[in-house]
Amino acid sequence: MSNLGFPFATTLTSWHLMVTYCTLHVAQRLNFFENKRIDMKTVILFGILNGVSIGFLNLSLGFNSIGFYQMTKLAIIPFTVLLETVFLKKQFSQKIKLSLFLLLLGVGIASVTDLQLNFVGTILSLLAIATTCVGQILTNTIQKRLNVSSTQLLYQSAPFQAAILFVTGPLVDQYLTKQNVFAFKYSPLVLGFIILSCVIAVSVNFSTFLVIGKTSPVTYQVLGHLKTCLVLGFGYTLLHDPFTEKNIIGILIAIVGMGLYSYFCTHENKKKQIVDLSPSSQIKDKDSNTPLLGHQEKENHFEAKKATKDSLV
């Protein structure tokens, strides 16, 4: 976008999703995975929501300063924690919250620079936060409740995400860049990098659904901020970008927060597994199943008596 002068982010994202769908369609036809039907209304709403969230994030970047956009992305984690706590009754320990606070503090110190507020930009940022949080929570919830894999969900929803962005992308990009994506002069170099980005996007989209489905939306956001730290670090070491002590301190604090988050999550998961495998929990499960077993035995006894009566008749 900066070196080749191709600034059409939303339209490019729609192409990424189209290529992802085509790749998964070929993989499904070759029996690499089994297609599992999901309720069409759920898939359509889910796909549109994810597509809209990408559009709002791009609009937020277009209407706000870089610093405020970074704050928007940082706010996704606490909003996700809030939504999961209120609506899904999920509990986050104080240790987990402390580690997330250190992570956000570090990334904020390392990446947030100028903060320029405006009314339209703030509204767009709030909409971007809300749609992104709900979309990522639904990604995790749909996979677990409907027992579908990340590949199956992505295959079903990708065409709807691509469609909403393909329709709105050129309009959004033209409004933000004052350029028309269809009037752009596509050189062989630009086309080559577009194709390369589409190929890479297949792995990115697949890994996104896989990580959220196997872990949680919060863990995925933590990985996203790790990416931010790596981008800053590689930019300094490979591209010789400007780097200050503030950036170094921020990255170090963020890494400590990530390490603590990983440790606390692993510790709590092991503790939960031990509780689930304890004899007391197994006895409770057995007791809860006893009425059902007793009811089943009564039904079998009744059916046996009925069969004997029928044979006598």
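Residues numbered from 1 in each chain as written. Predicted model: local features only at pLDDT ≥ 70, side-chain atom pairs only at ≥ 80, totals over all residues. Heavy atoms only, no water.

Peer 1: Looking at this structure, I do not really get the overall build of the chain. What am I missing?
Peer 2: What the chain contains, in helices and strands, is ten helices and zero strands. For the chain, the sequential pattern of α-helices and β-strands runs α-α-α-α-α-α-α-α-α-α. Taking contacts inside the chain between residues at least 6 apart in sequence as the whole, the part at least 24 apart equals 87%. Accessible surface for the chain amounts to roughly 19,000 Å². Of this, 68% is attributable to carbon and sulfur atoms. (Helix = DSSP H or I, 4+ residues; strand = E, 2+ residues; numbered from the N terminus. Contact = heavy atoms within 4.5 Å. Areas by Shrake-Rupley, 256 points an atom, 1.4 Å probe, with all protein chains shown as cover.)

Peer 1: Mind showing me how you'd approach the pattern of salt bridges here?
Peer 2: Pairing between side chains of opposite charge can happen when their charged atoms approach one another. According to the stated counting rule, one finds one salt bridge in the structure shown. In this structure, K90 engages E84 in a salt bridge whose closest nitrogen and oxygen atoms are separated by 3.9 Å. For K90, a relative accessible area of 32% gives the class partly exposed. Judged by its relative accessible area of 3%, E84 falls in the buried class. (Salt bridge = Lys/Arg side-chain N within 4 Å of Asp/Glu carboxyl O. Buried < 20%, exposed > 50% of the residue type's maximum accessible area, 1.4 Å probe, protein only.)

Peer 1: For this particular structure, what's the right way to read the packing of helix 3 (residues 66-87) against helix 4 (residues 94-111)?
Peer 2: When two helices pack together, their arrangement is given by the angle between the helix axes and by the axis-to-axis distance. At a minimum axis distance of 10 Å, the contact between helix 3 and helix 4 shows a crossing angle of 175°. If you check the angle between helix 3 and helix 4, you find them roughly antiparallel. In this structure, helix 3 uses Q70, L74, I77, P78 and V81 to contact helix 4, whose residues at the interface are L100, L103, L104, V107, G108 and S111. For the contact of helix 3 with helix 4, the per-class residue count stands at eight nonpolar, three polar and no charged. (Axes fitted to C-alpha atoms, helices over the stretch in contact; angles between N-to-C directions. Parallel < 35°, antiparallel > 145°, perpendicular 65-115°, else oblique. Nonpolar A, V, L, I, M, F, W, Y, C, P; charged D, E, K, R; others polar.)

Peer 1: What am I meant to see in the side chain of D173 here?
Peer 2: Residue position: D173 is located in helix 6 (residues 150-177). Of note is the side chain of D173, whose polar atom sits 3.3 Å from the backbone nitrogen of T10. (Polar contact = N/O pair within 3.5 Å; in protein donor to acceptor, adjacent residues only side chain to side chain.)

Peer 1: Please clarify how the UniProt feature "transmembrane region" (unreviewed entry) in the chain should be interpreted in this entry.
Peer 2: With numbering aligned to this structure, UniProt lists the feature "transmembrane region" (unreviewed entry) at residues 12-30, 42-61, 100-117, 123-141, 153-172, 184-206, 218-236 and 248-264. The span residues 42-61 carries 100% helix and 0% strand; its end-to-end C-alpha distance comes to 29 Å. Spanning residues 100-117, this segment combines 67% helix with 0% strand, and its end C-alpha atoms are found 25 Å apart. (UniProt positions renumbered as here; feature names shortened; annotations may be inferred.)

Peer 1: Looking at this structure, how should I read the packing of helix 5 (residues 119-145) against helix 8 (residues 217-237)?
Peer 2: At their nearest, the axes of helix 5 and helix 8 sit 9 Å apart, and the two run at 125° to each other. One finds that helix 5 runs oblique with respect to helix 8. The residues of helix 8 that touch helix 5, namely those facing Q136, I137 and N140, are P217, Y220 and Q221. Residues that form the contact of helix 5 with helix 8 fall into these classes: three nonpolar, three polar and no charged.

Peer 1: Teacher, can you tell me more about the nonpolar core here?
Peer 2: For soluble globular proteins, the rule of thumb is that nonpolar side chains tend to be buried together. Core analysis: the largest hydrophobic core is formed by 19 residues, its most contacted members being I77, L100, L103, V218 and V222. Elements represented by at least two residues in this core include exactly helix 3, helix 4, helix 8 and helix 9 (245-277). The biggest single contributor to this core is helix 4, with six residues. Apart from the residues within four sequence positions on either side, V222 is in contact with I77, L100, L103, M258 and Y261. Listed in part, the 13 residues of the second largest apolar core include A27, I38, F46 and V148. (Core = buried A, V, L, I, M, F, W, Y, C linked by side-chain atoms within 4.5 Å.)

Peer 1: Is there a simple way to think about the side chain of S216 in this case?
Peer 2: Mapped onto the secondary structure, S216 falls in the loop between helix 7 (188-214) and helix 8. The class of S216 is buried, set by a relative accessible area of 7%. Among the polar contacts made by the side chain of S216, one reaches the side chain of T219 at a distance of 3.1 Å. Residues within four places of S216 in sequence aside, it is in contact with K90, N140, V211 and Y261.

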